[in-house]
Amino acid sequence: MGYKCNQCCIHCHVNAGPNRTEMMSSETIDLIKKVLVLYKIKTIDLTGGAPELHPEFRKLVITCREIGVEIIDRCNLTILTEPGQEDLADFLAANEVTVVASLPCYEEENVDKQRGKGVFEKSIIALKRLNKLGYGLSDGRLKLNLVYNPQGPSLPPDQKALEEIYRKKMSSIYGIYFSELFTITNMPINRFEGFLRATGQLTEYQNLLEKSFNKRNLDTVMCRNLLSVNWQGYLYDCDFNQQLGLRPNCKLKHLKDLLQNKLEILDMPINVDSHCFGCTAGSGSSCSGSLQ
Ligand code: SF4
Ligand code: SF4
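This structure is a prediction, so every number in the text was calculated from the model and none was measured. (Residues numbered from 1 in each chain as written. Chains lettered and ligands numbered in written order. Predicted model: local features only at pLDDT ≥ 70, side-chain atom pairs only at ≥ 80, totals over all residues. Heavy atoms only, no water.)

### Looking at the site of ligand 1
Residues in contact with ligand 1, as listed here, are Cys 5, Gln 7, Cys 8, Cys 9, His 11, Cys 12, Ala 16, Gly 49, Asn 76 and Arg 115. A per-class count over the shell around ligand 1 returns five nonpolar, four polar and one charged. (Near = heavy atom within 4 Å. Nonpolar A, V, L, I, M, F, W, Y, C, P; charged D, E, K, R; others polar.)

Okay, here's the thing in structure tokens:
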């Protein structure tokens, strides 16, 4: 929905931050609704920056609810504690929005190192608020999924095993509950690429990803079943290609093109490059966690 964010994390693949001004226009938001209806799309995954900072975020959520589309909010948690967003958690719960939230560790020092000073403390406040509203509880009504990504240039550990560790630590130390843990591999692009380059680790990390290639992941890489839309309405195979400016290898370029004629959008050829090893290494990686 735009690149404005209240945080400025070192691994951010969209280079988001408080000074970014790019925001999706009302016209593009209208096109989204039309495409959702025409293609009977079941799920919309809202991301930014912090998507909640878009002035029309709530309007879009309500629209999607009205047409029966499931909504995922890629929430950085600290946004729930920002001035002016005091009622955001209630709004998300009332509209049964699934929350997917980054929490790269259950220890304060590690989270603050990656996501900024004070982020962990605010994240815990936000998670407790969400739990209180019914998020992450065993009835499964309001889903609260946490996202882990490694601190540096390494592959994530086994998702199920780490989920168990997180579950024990989060409940015993903080009294916090969540639905699932997603492990995500850091992509060597944008801000994280800059960090790797500056610390002389870029080649080594790329080699690790390539050496860990697992062809079993090819059938389930997320570009096979999603369509990424940027803040201007242009289409991409995934969020990473969007950030690299890699357009799909076909005539479909914009949401408007999808409205001209009804098309088989999942038949679009996928534009791949060396960063794709980030999705296919080891157990695989996607915005919904590991692929195996
Ligand atoms: S990783 Fe998420 S929370 Fe951090 S700067 Fe990027 S968009 Fe914002
Ligand atoms: S980075 Fe490559 S493999 Fe991963 S989702 Fe995008 S296009 Fe597919």
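Once the structure has been displayed, the description carries forward.
### Focus: unusual backbone geometry
The peptide bond linking Gly 48 to Gly 49 adopts the cis configuration, its omega dihedral lying at 25°. With respect to the helices and strands, the residue Gly 49 is situated in the loop between strand 1 (43-46) and helix 2 (57-66). A positive phi angle, near 50°, is found at Lys 40, a position not held by glycine. The backbone of Glu 96 sits at a positive phi, close to 50°, despite the residue not being glycine. When you line up the elements, Glu 96 lands in the loop between helix 3 (88-94) and strand 3 (98-102). Residue class for Glu 96 comes out partly exposed when judged on its relative accessible area of 36%. (Helix = DSSP H or I, 4+ residues; strand = E, 2+ residues; numbered from the N terminus. Buried < 20%, exposed > 50% of the residue type's maximum accessible area, 1.4 Å probe, protein only.)

### Re the nonpolar core
Residues Leu 80, Leu 92, Tyr 135, Leu 146, Tyr 166 and Met 170 are the most contacted members of the largest nonpolar core, which totals 63 residues. When residues of this core are assigned to their parent elements, the largest contribution, six residues, is made by helix 5 (residues 119-132). In this structure Met 170 touches Leu 103, Tyr 106, Ile 124, Leu 127, Gly 175, Ile 176 and Phe 178, once residues within four positions along its chain are discounted. One finds Met 222, Cys 238, Cys 279 and Leu 291 within the second-largest nonpolar core, a separate group that totals nine residues. (Core = buried A, V, L, I, M, F, W, Y, C linked by side-chain atoms within 4.5 Å. Contact = heavy atoms within 4.5 Å.)

### Details of the site of ligand 2
By nearness alone, every residue bordering ligand 2 is listed as Met 222, Cys 223, Cys 238, Phe 240, Asn 241, Ile 270, His 275, Cys 276 and Cys 279. Here the shell around ligand 2 is built from residues that sort into seven nonpolar, two polar and no charged.

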